[in-house]
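The lines below spell out each chain.
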Amino acid sequence: MRNPFLDTPSDRALVIRYHRVSREEQAEGHGFTRQREGTEEWCARNGVEADLTLEDAGHSAFTADHIRRGAMGQILEAIASGRIVAGSTLVMENLDRLSRENPFEAVKMFTSIVSNDIAIVTFLDGYRYTQDGTAMQRMLTMIMSIMHFGRANSESELKSTRVAEAWREKHRLARENGQPHGRRCPEWMRLEPGGYELIEDRAREVRWMFACAIGGWGRRRIVKELIARRVEPWIEPSVKRPHPVWNESYVQKILSGGEACGTYFPGKWPGNRRRTSQEPILDYYPAAVSREIFDQARAAADLRQGGGGRKGSSRNLLQNLCVCGCCGRGMTMQDKGTRSRGPALVCQRSLVGDCEHRFRYVYARAELMVFFCIGDHADQILRSAEAETCTVRGLISGKELQLNDRSERIRRLVKHMEVSADPALDDRLRELREESQSLSAELQDLRHSLARSNEMLEASFPDRLLSLYRRISASPKDQSPQVRSRVNQDLRSFIKRIVFRNGSFTVEFRNGREGRGFMLPGHRPRPNRGHFSSAVKEGIQLRKGDIEPDPSRAPDRPPGPLPQPT
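No experiment lies behind these values; they were computed from the predicted model shown. (Residues numbered from 1 in each chain as written. Predicted model: local features only at pLDDT ≥ 70, side-chain atom pairs only at ≥ 80, totals over all residues. Heavy atoms only, no water.)

## Structural notes on the pairing of strand E3 (residues 89-92)
- Every second residue of E3 is oriented toward a common face, with Thr89 and Val91 on one face and Leu90 and Met92 on the other, all of them buried.
- Taken together, the three bridges between strand E1 (residues 15-21) and E3 define a ladder with parallel strand orientation. Its bridge partner lying in E3, arginine 17 is registered against valine 91.
- In this structure, E3 lies alongside strand E4 (residues 119-122), joined through four bridges in parallel fashion. Bridging from a neighbouring strand, methionine 92 pairs with threonine 122 of E4.
- A crossover connection joins E3 to the parallel E4 through helix H5 (residues 103-114); in handedness this β-α-β unit is right-handed. (Buried < 20%, exposed > 50% of the residue type's maximum accessible area, 1.4 Å probe, protein only. Helix = DSSP H or I, 4+ residues; strand = E, 2+ residues; numbered from the N terminus. Pairing = 2+ DSSP bridges. Right-handed = clockwise from strand over helix to strand, strands pointing away.)

Written out as C-alpha cells, the structure is:
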C-alpha cells in the first residue's frame, strides 16, 4: 500500500478527512456517502479545505484491523514519524470510527493522537477533542472520549455475541438437517430454493484443476494455464479487490479445502481468519469431485513438497531423491556443457570443499540404472502396496468409529447443556471437540496414504511407470517436461531416497527393501584449484599442480627473453 503522506506538505498543519466501514457490503451502501457528505459539510462550514481523504473499507475497528492493514495505521505511523505536524485536524463522523476496541486500548490510541497537539473533530456532535483549554475542559474531553469508546465497544461486543449465537444455530441445523447456512458458499456453486447446486462450467474447471494436480502440476502452473485460457476469475469485484485475478492461494484453497468433495467446515467465520471449531460435516455440499480424487490430489501435492525451482526440458527425474552417502546432503545436477560427458550428479557440499565424496555420476547412466533396479523389485513393490492397503483400511475403519463416537457424545452433551448450566460441561465439550479435530486430521492423513497405495496397485504401477519412462524420448519437446514431472512424482511415491557413495548407489524403497547398483568407473571433480592441463592419470584429468615432475625430462628453460630470429 502506497504511503499517502508522501505527497502532502510537511511544513504546515493538515486537515485530514477519515471514513471507515466495517464490511465491504457497507461500502456499496449509504455508509460512505453519509460520512463523506458530513466531513465535506464541516470543512465548508469552517472555511477549510481538506488536504487528504483516507478511507477504510471492510476493516473492523473492533478487531483493530483498520490499524494493522488499513489507512488508520498509516495515520498513526505518520503522526509518530512527524509527517503530520502539530496543529493538524482529523475529521470523522464519530469516535467509533476511530476505535471500537477495549476502552483501555482505545484511550491509548486517542491520547497518542491528541498528545501530539492534533485535534480530532467529530461532525456528528460538533465536538473538538484537543489537549488545549482549562483543566476542567481537559477532564471533560477525557470523560467524553471514555464514554464514547465504552459505548462503541459494548455495542460491538453485543453484536459479536449475537452473530456468534446465530452461526452456532446455523451450524446445528446444518449438521442435523443439512439446512443451508446462507448464500455465502464456494464460488463454483450457488444457493437455490432446494439447496446448493453446482455451476456446471465452474465445476468442470474444478475437476480440471484436480486432474492437473494429480498429473503433477503445481499451483503456479495451473494459474498460468487458467490465465492463458482466459478463464474469468470467479471472485466478484469489491472495494478491496476491484480487479480480481487468478492467484496461487485461491487455487490452493480449492485443491486442499475439502469443499470440492462436499465437506463443510463449521467455524470458518465470514470475514475473519479461518478457524475450525467443530468437526467437519461430510457430504454437505454437492461434490464436484469424488473423495478418492481429492485424496489423490492431496497425496500428489505432498509428494511435490520441496520440488520447486527452475524446470526445463531436461528436468532431473531423480529430483529430491538423491543424497550423498558421506555427508547426507542432497546431490545436485551439474552440466559443464558440450565438452563434458553431459549432466552429472555431484554432492552439493563437495562443490564448496565441505565433503570428501567427489565422484561425478553421469546422470543419464544413473537414471537408467535406477529404473533397472525398479524393474527388478516390481513384484516386491506391489506386494508391499497390497499389505499397506489392508493395514491402512483397517486403521481408517477404526478412526471412523472413534470419530462417530465423539460426534455422538458431543451431540448428547450439547443437548444436556441446554437444560443444565454446569461449567464443567463446557470443559468436557472442549475436550471432545479437540479429540474430534485430532481424529479428523489423522483420518485425512490415512486417506492420503490409502490413495497412494491404491494408485500403485492400479494397472500394475511399476510397469506403467516403466512404460511412461519409455515415452519420454518419444514425446515432443514441448511435452517432455510434463511427462518427466509425472515420472518424478510417481518415483517419490514409493522410493524414500537414493544414496550415492564411491561409485555405487542404493535405492531405499518405502517398504523397507533396498536395491543396489554400481556405476564404476565414476570420475571425480578435481579437488584442487588451478589451471587445467592435458595430463591424464587413471582416467582422471589433472591440474597443473597435480602433475609430478618427470626426472628423465630436461629442465624447463629459465625465465627470460626469448631469442630473436636472425
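Structure's up, so let's keep going.
## Observations concerning the packing of helix H7 (residues 200-214) against helix H8 (residues 219-228)
- Where H7 meets H8, the closest approach of the two axes is 10 Å, and the angle between their N-to-C directions is 140°. By the angle between their directions, the pair H7 and H8 is classed as oblique. Crossing of H7 over H8 shows right-handed handedness. Facing Glu205, Trp208, Met209, Cys212 and Ala213 of H7, the residues of H8 in contact are Ile222, Glu225 and Leu226.
- By residue class, the composition of the contact of H7 with H8 is six nonpolar, no polar and two charged. (Axes fitted to C-alpha atoms, helices over the stretch in contact; angles between N-to-C directions. Parallel < 35°, antiparallel > 145°, perpendicular 65-115°, else oblique. Left-handed = near helix turned anticlockwise from the far one by under 90°. Contact = heavy atoms within 4.5 Å. Nonpolar A, V, L, I, M, F, W, Y, C, P; charged D, E, K, R; others polar.)

## Considering the pairing of strand E10 (residues 344-347)
- Residues of E10 alternate between two faces, with Ala344 and Val346 on one and Leu345 and Cys347 on the opposite face, all of them buried.
- One ladder, built from four bridges, connects strand E9 (residues 331-334) with E10; its direction is antiparallel. Each bridged residue has a counterpart across the sheet, and for threonine 332 the counterpart in E10 is valine 346.
- Bridge count for E10 against strand E11 (residues 361-362) is two bridges, and the pairing is antiparallel. Across the sheet, leucine 345 pairs through a bridge with tyrosine 361, a residue of E11.

## Regarding the environment of tyrosine 127
- Along the chain, tyrosine 127 falls in strand E5 (residues 127-129).
- In the structure, tyrosine 127 is positioned 17 residues away from methionine 144 in sequence and 9.8 Å away in space, judged by C-alpha atoms.
- Residues contacting tyrosine 127, with those up to four places away along its chain left out, are Ile120, Val121, Thr122, Leu140, Thr141 and Met144.

## Some words on helix H4 (residues 71-81)
- Burial runs high along H4: eight of the 11 residues are buried.
- Of all the positions in H4, only Ala71, Met72, Gly73, Gln74, Ile75, Leu76, Ala78 and Ile79 are classed as buried.
- In this structure, the buried residues of H4 make contact with E1, strand E2 (52-57), helix H3 (65-68), E3 and H5.
- Downstream of H4 by one or two residues, glycine 82 has phi in the positive range, about 90°.

## Section: the state of the cysteines
- Counted according to the given criterion, the structure contains zero disulfides.
- Looking at cysteine 327, it has no disulfide partner, and the nearest cysteine sulfur is the one in cysteine 347, 3.5 Å off. (Disulfide = S-S within 2.5 Å.)

## Overview of the sheet that holds E9
- Reading across from one edge, E9-E10-E11 is the order of the three strands in this open sheet, with antiparallel pairing throughout. Pairing within the sheet leaves two strands with one partner each, and these edge strands are E9 and E11.

## Brief notes about the sheet that holds E3
- Read from one edge to the other, the open sheet built from five strands follows the order E2-E1-E3-E4-E5, with strand pairing classed as mixed. A single partner strand is all that each edge strand has here, and the edge strands are E2 and E5. Adjacent strand axes in the sheet meet at a mean angle of 20°, parallel and antiparallel pairs treated alike.
- Pairing of E4 with E5 involves three bridges; the strand directions are antiparallel. The partner of valine 121 across the bridge, within E5, is arginine 128.

## Description of the packing of aromatic side chains
- In this structure the tally under the stated criterion is 15 aromatic pairs.
- Taking 5.3 Å as the distance between ring centres and 70° as the angle between the ring planes, the aromatic pair formed by tyrosine 196 and tyrosine 285 counts as edge-to-face. Placement of the pair is tyrosine 196 in strand E7 (residues 195-198) and tyrosine 285 in the loop between helix H9 (248-256) and helix H10 (291-303), with a sequence separation of 89 residues.
- Residue classification places tyrosine 196 among the buried residues on the basis of a relative accessible area of 10%.
- Aromatic rings pair up to connect Phe110, Tyr127, Tyr129 and Phe149 into one cluster.
- Positioned above the aromatic ring of tryptophan 167 is the side chain of lysine 170, whose terminal nitrogen or guanidinium carbon lies 4.6 Å from the ring centre. (Phe/Tyr/Trp six-rings, centres within 6.5 Å; stacked < 30°, edge-to-face > 60°. Lys NZ or Arg CZ within 6 Å of the ring centre and 35° of its normal.)

## Things to note about a nonpolar patch on the surface
- A contiguous nonpolar patch, built from Met136, Met139, Ile143 and Met147 and spanning about 440 Å² of accessible area, is present on the exposed surface.
- Position of isoleucine 143 relative to the elements: it lies in helix H6 (residues 135-177).
- Take isoleucine 143: its relative accessible area is 40%, and that puts it in the partly exposed class. (Patch = residues over 30% accessible without salt bridge, like charges linked within 9 Å, V, L, I, M, F, W, Y side chains within 5 Å. Areas by Shrake-Rupley, 256 points an atom, 1.4 Å probe, with all protein chains shown as cover. Salt bridge = Lys/Arg side-chain N within 4 Å of Asp/Glu carboxyl O.)

## Brief notes about the confidence of the model for the protein
- Summing up the model confidence of the protein, the mean pLDDT is 78 and the portion of residues at 70 or higher is 78%.
- Contacts for the low-pLDDT stretch residues 268-274, under 50 throughout, to residues beyond four places or in other chains number 13 contacts.
- Scored below 50 in pLDDT, residues 525-566 shows 34 contacts in the model against residues more than four places distant or in partner chains. (pLDDT = per-residue confidence, 0-100.)

## Section: the environment of tyrosine 196
- Residues tyrosine 196 and cysteine 185, 11 residues apart in the sequence, show an inter-C-alpha distance of 8.4 Å.
- If near-sequence neighbours (up to four positions away) are discounted, tyrosine 196 is found in contact with Pro180, His181, Gly182, Cys185, Met189, Arg190, Leu191, Tyr284, Tyr285 and Pro286.
- Engagement of the side chain of tyrosine 196 in a polar contact is seen with the backbone nitrogen of histidine 181, the distance being 3.3 Å.
- Polar side-chain contacts of tyrosine 196 include one of 2.6 Å to the backbone oxygen of glycine 182. (Polar contact = N/O pair within 3.5 Å; in protein donor to acceptor, adjacent residues only side chain to side chain.)

## Looking at H5
- Compared with an ideal rise of 1.5 Å per residue, which puts 12 residues at 16 Å, H5 spans 16 Å between its outermost C-alpha atoms and is within 8% of the ideal.
- Residues of H5 that are buried: Ala106, Val107, Met109, Phe110, Ile113 and Val114. The buried side chains of H5 occupy one side of the element, clustering within an arc of 160° when seen end-on. More than 90 degrees from the buried face of H5, the exposed residues found are Phe104 and Lys108.
- The N-capping residue of H5, defined by a side-chain oxygen 2.9 Å from the backbone nitrogen of phenylalanine 104, is asparagine 102. (Expected span 1.5 Å × (residues − 1). Arc of directions from axis to C-beta.)

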